[in-house]
Structure formats: structure tokens, C-alpha cells
Amino acid sequence: MEKGISRREALKRMGFLVAGATVATTGLSTLSSCGSRKKKRIILYFTATGNCLHIARELADPEDTLLSIPQLVKEGRYELEADEIGIVYPIYGHMPPNMVREYMKKAKLKAGYRFAVLTYGNRKCNAVEIWDGFTRGIGMPFHYISTLIMVDNWLPNFDMNEQMKIDKHIPENVERIRGDLAQDRHWVEPVSDLEREQHAGFMQATGLDPEKGFLLRSESQFRVTEDCVGCGVCTSVCPRGNYEMTSSGVKTEGDCDYCFACIQNCPQKAILFARKEGEFFGQGEVNPKARYRNEHVSLASIKLANNQW
Ligand SMILES: Cc1cc2nc3c(=O)[nH]c(=O)nc-3n(C[C@H](O)[C@H](O)[C@H](O)COP(=O)(O)O)c2cc1C
Ligand code: SF4
Ligand code: SF4
């Protein structure tokens, strides 16, 4: 059950459900309830544990349309048009998720104002500059790019139970961004030399390809334990559709964004990291008993956002 559903929240959710059922995205300005013309706004999001969906909802007015990138990929919808188009995504090693990057390379987002909100948990480094450079490179520059700190769902380094106790001042930061967007503010959050250096160090340590970011293979990263009860949640929350129920149990295989939707949302905590001695992505995790999903976002919403079947 999602907590604290206000009327505004309920209206936004209806917008989300309509969006999930594929709404037309042409025909720009719409009439608001008081009869004045309101700009047509679309907000795209990618989420594994709900932070970005929560923020997309918080930034949206009731008339706005929220669209999940994995659903757009599934439907093959790459052309969107509105007065304003925004995107909310989680940074992975300060970079956009691979699926977000690949979607953007094919997409035509026609809008007079484009904004991006990058959620992160602990260290943003030069994430803003990476998005700025990437989107300029594909000919779709963004007028506004801001980061927003939330619970860090990076299981290898953080205990989710401890993360959830930290006050990261999310409502205040959301209000700041809402205020900026209300004025169509043109602003790209500054980045320091130290942040650039930290990102370079991270790339050297991980050996990730800067053109791809996190793109691993799920069969080599995760293992399903005997605690699995065959509930099928993992098959619905993976944005790549990498999980399958077979006669010999749950199997995972495929290109993987390393988003952790599977491991975090498994109700049995039956998905664990495959440990590989000496490898950066084989170090295991801090607390295999602690899992996280944003308190405002239901499992059903994550399934609606990511299900590929
Ligand atoms: C693969 C991966 C890499 C991440 N890298 C970073 C990072 O470099 N810096 C950071 O502060 N948070 C990092 N995070 C944390 C997420 O960006 C953050 O928790 C985000 O809000 C999750 O959004 P979601 O709940 O919508 O999936 C990472 C998370 C994952 C799964
Ligand atoms: S979500 Fe967890 S318990 Fe459910 S089928 Fe997948 S691995 Fe098994
Ligand atoms: S296998 Fe897990 S980590 Fe990889 S893309 Fe699917 S849900 Fe995300």
C-alpha cells in the first residue's frame, strides 16, 4: 500500500495509468481545469527502486504525462512532442543507465524546453556534465540539468536499512526544482575539477566503457537461492525481461543495466550477487538481508514501469 495519497497524488497516478495505456503525444497545449491554457509536458523516467518514479510524480502537475522509458522501448515509441519534455533517471557510476542512453540515441524529443533531474545517493561527481555532453553530442541539448540526492540503492557499499534512516532533505530539494521548472529556468548545475577527477578514478577502477556505462550480463552477476518461492516478481520488474520461470526454477540471462530492480524487489531476498574474487563487480554486498523500495512507490508501479512481457 502506498503511503499518504493526497488528491493531487491520486490525480497524478491516474495520469501515470493513462500513460501506461499509451496516450497520444501530439497536440500540444491542453485546457486546465480553470479554463486557462497550460503547457503540455511529458516526463520520462527510468526506475528500479522507485526513487525516480517518485520524483517524476512529484514534479508533475495532474495534466502532465509520465512515461516509463522501458515501456517506450517495448512499444518502439521514439518520437515525442510537447511544449516541455523532462527526464528523471538514476545515475550509475555518474552516468545514465545504458537503456536511457540507447533510448536517447534513437529518440526525437521535440520540445521548446528540455529538463533533466538526475537522482543519486552519495556521490554525483560530474554526472551533470556527462549528460550535458552526451545530449549535446546527439543534437538534443537540455536547458536545465539538476541532481537530487535520495536513498542510495547501491547494494555493494550501502546497507539499505541504514540508508533509509538518513534525512536527505528530499522535499526541500524537490520544491527547489519545481520552482526552477515553473520558471523554465535555464541552468546546468556546476561541476568541480575534483568531481571530474573522482569520476576518472572510478572509471579506471571499474574498467567500464564510458560509451556504454553499466552493461553487464545478468547470468554472471546474480544467483537465485533456494529461498525462491517462484512468485514471478523478478520476471515483471526487470526492464530487460531477463528473468524466466522454467521447470527447473527461475533463470536469468541477458544484457543487464545493473539497475537492481530484480535483487531489490524480490520479496524473498532470494536473489544475491554472484561473488567473484578479485573482480570489481564480484565483491558481494554489505547486508543481504536489507532491501529497498521507495516508500511512496508500490511494487505494482515498478512492474507497470518495467514489465517487458
Ligand atoms: C549500478 C548503480 C550505480 C550507482 N552509481 C551511483 C553513483 O555513482 N553515485 C551515487 O551517488 N549513486 C549511485 N547509485 C545510486 C542510485 O543512483 C540512486 O539510489 C537512485 O536514486 C536510484 O533510483 P531508482 O530508485 O529510481 O532506481 C547507483 C545505483 C546503481 C544501481
Ligand atoms: S522474485 Fe524472488 S522469490 Fe520471486 S520468483 Fe524471483 S527469485 Fe523467486
Ligand atoms: S537483471 Fe536485474 S539488474 Fe539486470 S537489468 Fe534486469 S532487473 Fe536490472
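Analysis parameters
- Residues numbered from 1 in each chain as written.
- Chains lettered and ligands numbered in written order.
- Predicted model: local features only at pLDDT ≥ 70, side-chain atom pairs only at ≥ 80, totals over all residues.
- Heavy atoms only, no water.
- Near = heavy atom within 4 Å.
- 1 Å grid on protein atoms, 1.4 Å probe; cavity = no way out; pocket = protein on both sides within 12 Å on 5 of 7 lines; lining within 4 Å.
- Sits in = over half its atoms within 2 Å of the grid points.
- Nonpolar A, V, L, I, M, F, W, Y, C, P; charged D, E, K, R; others polar.
- Polar contact = N/O pair within 3.5 Å; in protein donor to acceptor, adjacent residues only side chain to side chain.
- Areas by Shrake-Rupley, 256 points an atom, 1.4 Å probe, with all protein chains shown as cover.
- Buried < 20%, exposed > 50% of the residue type's maximum accessible area, 1.4 Å probe, protein only.
- Helix = DSSP H or I, 4+ residues; strand = E, 2+ residues; numbered from the N terminus.
- Pairing = 2+ DSSP bridges.
- Right-handed = clockwise from strand over helix to strand, strands pointing away.
- Contact = heavy atoms within 4.5 Å.
- Salt bridge = Lys/Arg side-chain N within 4 Å of Asp/Glu carboxyl O.
- Points joined across faces, edges and corners; volume = space filled by probe spheres on them.
- Core = buried A, V, L, I, M, F, W, Y, C linked by side-chain atoms within 4.5 Å.
- Domains from an automatic or database assignment.
- Axes fitted to C-alpha atoms, helices over the stretch in contact; angles between N-to-C directions.
- Parallel < 35°, antiparallel > 145°, perpendicular 65-115°, else oblique.
- Left-handed = near helix turned anticlockwise from the far one by under 90°.

Peer 1: Lay out the site of ligand 2 in plain terms, naming residues and giving numbers.
Peer 2: Lining the immediate surroundings of ligand 2 are 13 residues, of which C228, C231, G232, C234 and C266 lie closest. Using a 2 Å cut-off from the grid points, one finds that ligand 2 occupies the second largest cavity. Partitioned by chemical class, the residues of the shell around ligand 2 number 10 nonpolar, 3 polar and no charged.

Peer 1: Summarise the site of ligand 1; cite the residues concerned and give the values.
Peer 2: Around ligand 1 sit 24 residues in total, of which T47, T49, T119, N122 and V151 are the nearest. Separating an oxygen atom of ligand 1 from a side-chain N or O atom of T119 is a distance of 2.7 Å. Separating a nitrogen atom of ligand 1 from a side-chain N or O atom of D152 is a distance of 3.4 Å. In isolation ligand 1 has 650 Å² of accessible area, and contact with the protein removes 97% of it.

Peer 1: Quick rundown of the pairing of strand 3 (residues 41–45)? Include the residues and the values.
Peer 2: Across the 5 residues of strand 3, 5 count as buried, placing the element largely inside the fold. Of the two faces of strand 3, the one carrying R41, I43 and Y45 and the one carrying I42 and L44 are both buried. As paired elements, strand 3 and strand 6 (residues 84–90) share 5 bridges and run parallel to each other. Bridging from a neighbouring strand, L44 pairs with I87 of strand 6. Bridging between strand 3 and strand 4 (residues 65–68) involves 4 bridges; their strand directions are parallel. Bridge pairing in strand 4 links Y45 to S68. In this region the chain leaves strand 3, passes through helix 2 (residues 51–59) and returns to the parallel neighbour strand 4; the handedness of that crossover is right-handed.

Peer 1: Tell me what's going on with the side chain of N126, and back it up with residues and numbers.
Peer 2: Among the structural elements, N126 can be located in the loop between strand 8 (113–120) and helix 5 (127–137). Those residues in contact with N126 that lie beyond four places of it in its chain are H94, V191, E195, R196 and H199.

Peer 1: Can you explain the pattern of salt bridges? Please cite residues and give values.
Peer 2: Summed over the entire model, instances satisfying the criterion amount to 20 salt bridges. We note a salt bridge from R41 to D61, for which the minimum N-O separation is 3.9 Å. On the criterion of sequence distance, the pair formed by R41 in strand 3 and D61 in the loop between helix 2 and strand 4 is long-range, its members being 20 residues apart. Through salt bridges with shared partners, one network takes in K39, R41, D61, D64, E84, R178 and D184.

Peer 1: Run through empty space enclosed by the protein, naming residues and quoting values.
Peer 2: In this approach, a probe sized like a water molecule rolls over the atoms, and the result shows the empty space that is left. Counting across every chain of the model gives 3 cavities of 30 Å³ or more. Around the largest cavity sit 15 residues that line it, and C238, N242, C256, C259 and C262 are the ones nearest its centre. Partitioning the lining of the largest cavity into residue classes produces 10 nonpolar, 3 polar and 2 charged. By volume, the second largest cavity is sized at about 70 Å³.

Peer 1: Could you give me a rundown of the nonpolar core, with the residues and numbers involved?
Peer 2: Side chains that are nonpolar tend, in soluble globular proteins, to be buried together. The biggest cluster of nonpolar side chains holds 88 residues, and the ones touching the most others in it are L44, I87, M104, W131, F222 and Y258. It is strand 8 that contributes the most residues to this core, 6 residues altogether. Summarising the domain contributions, this core has at least three residues from each of domain 1 (7–204) and domain 2 (216–306). Excluding its chain neighbours within four sequence positions, the residues that come into contact with F222 are Y243, T252, C256, Y258, F260, C262, I263, I271, L272, F273 and A274.

Peer 1: Could you give me a rundown of the side chain of T47, with the residues and numbers involved?
Peer 2: As for its position among the elements, T47 is in the loop between strand 3 and helix 2. Engagement of the side chain of T47 in a polar contact is seen with the backbone nitrogen of G50, the distance being 2.9 Å.

Peer 1: Please provide a residue-by-residue account of the sheet that holds strand 3, values included.
Peer 2: Read from one edge of the open sheet, 6 strands run 4-3-6-8-9-10, paired in parallel fashion. On the outer flanks of this sheet lie strand 4 and strand 10 (187–188), each paired with one strand and no other. With respect to the sheet, helix 7 (residues 170–182) is in contact with strand 3, strand 8, strand 9 (144–149) and strand 10, its orientation differing from that of strand 9 by roughly 170°.

Peer 1: Can you break down the environment of T246 residue by residue, with the values?
Peer 2: For T246, the location among the structural elements is in strand 13 (residues 243–246). Put simply, T246 and G230 are 16 residues apart on the chain and 9.6 Å apart in space, counted from C-alpha to C-alpha.

Peer 1: An account of the packing of helix 2 against helix 7 is requested, with residue identities and associated values reported.
Peer 2: Packing of helix 2 against helix 7 leaves a shortest axis separation of 10 Å and a crossing angle of 50°. Viewed along their axes, helix 2 and helix 7 adopt a mutual orientation that is oblique. For the pair helix 2 and helix 7, the crossing hand works out as right-handed. Listed contacts from helix 7 to I55, E58 and L59 of helix 2 are I170, V174, I177, R178 and L181. Of the residues that constitute the contact of helix 2 with helix 7, the class distribution is 6 nonpolar, no polar and 2 charged.

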